[in-house]
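The primary structure of each chain is shown beneath.
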Amino acid sequence: MATQPSRIEQHPDLMALRSRYAQASSRPTAQATEGLTLLTGLYLTISPWVVGFNGSSTLTVNNLVTGIALVILALGFGWVYERTYGMGWVAAAIGIWTIIAPWAVSGAPDTTKVVVSNVITGAVAIVLGLTTMVLGRMQRA
């Protein structure tokens, strides 16, 4: 008599873990963090045109690429929180890079509006990334 192999997706421990993360991601704090991370990424993506430094192709491309990466990360937080909350450090790293990019990227304009835009956006990304990490760790505990 052969028994059917059990599927790992139906293991009670895994189902309980997924339920806990689904519950954590449905909290208003987690939803606000996900939404604000998405908006921060969208702003970073369009910031060269909003602020007016799109004449600097290197910083424009930098902000476009890092903004898209932050948007994709935020979408991951919203769709599969149980698998992506641990990547909150990536959002913080993108924030750190966004802060130093006006000086690190070759040919970037070192004007007040560019620096202020990137520093504020980077700081927000750092806070949101760290918040995502804390929320995930609180749920595990």
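Relevant structure appears above.
Residues numbered from 1 in each chain as written. Predicted model: local features only at pLDDT ≥ 70, side-chain atom pairs only at ≥ 80, totals over all residues. Heavy atoms only, no water.

Draft legend 1. Fine view of the overall build of the protein chain. The secondary structure content of the protein chain amounts to six helices and zero strands. Going through the 141 residues of the protein chain one by one, you find that 39% of them count as buried. (Helix = DSSP H or I, 4+ residues; strand = E, 2+ residues; numbered from the N terminus. Buried < 20%, exposed > 50% of the residue type's maximum accessible area, 1.4 Å probe, protein only.)

Draft legend 2. Region of interest: a nonpolar patch on the surface. On the surface, I46, W49, V50, V61, L64, V65, I68 and I72 cluster together into a nonpolar patch covering about 730 Å² of accessible area. Elements supplying a minimum of two residues to the nonpolar patch: helix 2 (28-52) and helix 3 (57-79). The element best represented in the nonpolar patch is helix 3, accounting for five residues. Among the structural elements, V65 can be located in helix 3. (Patch = residues over 30% accessible without salt bridge, like charges linked within 9 Å, V, L, I, M, F, W, Y side chains within 5 Å. Areas by Shrake-Rupley, 256 points an atom, 1.4 Å probe, with all protein chains shown as cover. Salt bridge = Lys/Arg side-chain N within 4 Å of Asp/Glu carboxyl O.)

Draft legend 3. Expanded view of the side chain of T60. Relative to the helices and strands, T60 resides in helix 3. Residues in contact with T60, not counting those within four places in the same chain, are P48, W49, F53 and N54. (Contact = heavy atoms within 4.5 Å.)

Draft legend 4. Region of the structure containing the packing of helix 3 against helix 5 (residues 88-104). One way to put it is that helix 3 packs onto helix 5 with a least axis distance of 10 Å and a crossing angle of 165 degrees. The angle between helix 3 and helix 5 falls in the class roughly antiparallel. In this structure, helix 3 crosses over helix 5, and the sense of that crossing is left-handed. Together, L59, N62, T66, A69, L70, L73 and F77 of helix 3 and G88, V90, A91, I94, W97, T98, A101 and P102 of helix 5 make up the contact between the two elements. Residues belonging to the contact of helix 3 with helix 5 are distributed by class as follows: 11 nonpolar, four polar and no charged. (Axes fitted to C-alpha atoms, helices over the stretch in contact; angles between N-to-C directions. Parallel < 35°, antiparallel > 145°, perpendicular 65-115°, else oblique. Left-handed = near helix turned anticlockwise from the far one by under 90°. Nonpolar A, V, L, I, M, F, W, Y, C, P; charged D, E, K, R; others polar.)

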